[in-house]
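Chain and residue survey
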Amino acid sequence: YPLVFAFHGRGGNKENWIPTLKKFTDTGAFIGIYPQGYLESWNLGSEPSKADDTEFVNRIVIELQAYPNLNFDKMYAIGTSNGSALVNQLAIATSHFKAIAPIVSQLIESQIFHSDMQPISIYQVCGAEDDLIPIEGGTTLGHVFLDALESAKKWANQFGCNATFNTTMQGENTLYTFDNCDNGIAINYLRVANGSHNIQAGIPDFYDPIWAFFQRF
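Keep in mind it's a predicted model, so treat the numbers as computed, not measured.

Going through the model one piece at a time under the given rule, you end up with one disulfide. The disulfide partner of Cys161 is Cys181, and the gap between their sulfur atoms is 2.0 Å. The sign of the S-S torsion, about 110°, decides the handedness of the disulfide formed by Cys161 and Cys181: right-handed. Here Cys181 lies in the loop between β9 (173-178) and β10 (187-192) and Cys161 lies in the loop between α5 (148-158) and β8 (166-170), a separation of 20 residues in the sequence. For the unlinked cysteine Cys126, the closest cysteine sulfur is that of Cys161, found at 17 Å. Look at Cys126 and you get buried, because its relative accessible area is 2%.

What follows is about the packing of helix α3 (residues 53-64) against helix α4 (residues 82-93). The contact between α3 and α4 brings their axes to 10 Å, and the two run at 75°. One way to sum up the angle between α3 and α4 is to call them roughly perpendicular. Judged by residue contacts, Asp53, Thr54 and Val57 of α3 engage Leu86, Gln89, Leu90 and Ala93 from α4. Class assignment for the residues of the contact of α3 with α4 results in four nonpolar, two polar and one charged.

Calculation criteria
- Residues numbered from 1 in each chain as written.
- Predicted model: local features only at pLDDT ≥ 70, side-chain atom pairs only at ≥ 80, totals over all residues.
- Heavy atoms only, no water.
- Disulfide = S-S within 2.5 Å.
- Helix = DSSP H or I, 4+ residues; strand = E, 2+ residues; numbered from the N terminus.
- Buried < 20%, exposed > 50% of the residue type's maximum accessible area, 1.4 Å probe, protein only.
- Axes fitted to C-alpha atoms, helices over the stretch in contact; angles between N-to-C directions.
- Parallel < 35°, antiparallel > 145°, perpendicular 65-115°, else oblique.
- Contact = heavy atoms within 4.5 Å.
- Nonpolar A, V, L, I, M, F, W, Y, C, P; charged D, E, K, R; others polar.

Note that all results are geometric; they support no functional claim without further evidence.
Quick look at the structure:
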C-alpha cells in the first residue's frame, strides 16, 4: 500500500485526519499515518514544541519498515498550516517522500535550501482570503513567510523547472504549473480565490486532486 502522512496544524489533533481521509483509507487507496505534534504543534522555531520533529518522522519511518505490506517508494505527505510548514521542512531535510501537499502555508524565510536536496513534487494550496498566513506573505506567527507564488517559484528554480509557468483557471481559482523539472517531478500551486485559512471547509472532495497528483509519482 502507498503511505500518506498527514500533519495537523498548530493546536490541532491527529484524530481529525481519520474522518477527513476516511474515503481513501477505507477503500485501500493508501494507509494513513497521522502523527501528533508535541504540545499540539510542530517545531519550526517559534512554536510551543521544541521537539526535533524531523527525527520524530525518521523514527516513524523506521518503525513502519517492520510491516511487509507497505510501499516505501510511494510515500507522500500532506500538512495544513503549521503542519504544512513541517512538510516543507521534511522535503528539504529528508528523502522520504515522493510528493508533498503544503496547504495554507508557503515557505518561510528560515527554511534554507541546499544543493543535495532530493527533487520532490509539490502541490501547494493557498487561499487568497487567508488572514492568518496571508497569501502575499510577511511576518506572522513568529515567522517570515514568502509570497505564495514566490514560494512555488523557489521550489521550481531549485529543481530545474522552466522559469516561466503555465496558468489554468479552475472556476475562480488559478492553478500555476511549472514544466520540465528535474527527475520528472512537478511543481503546482493552486490559488483558491475565496479560500480562508480553513480552506477545505465545506469542500467534500478537497483532497481528490491532491491524491490524483500524488499518484503520478
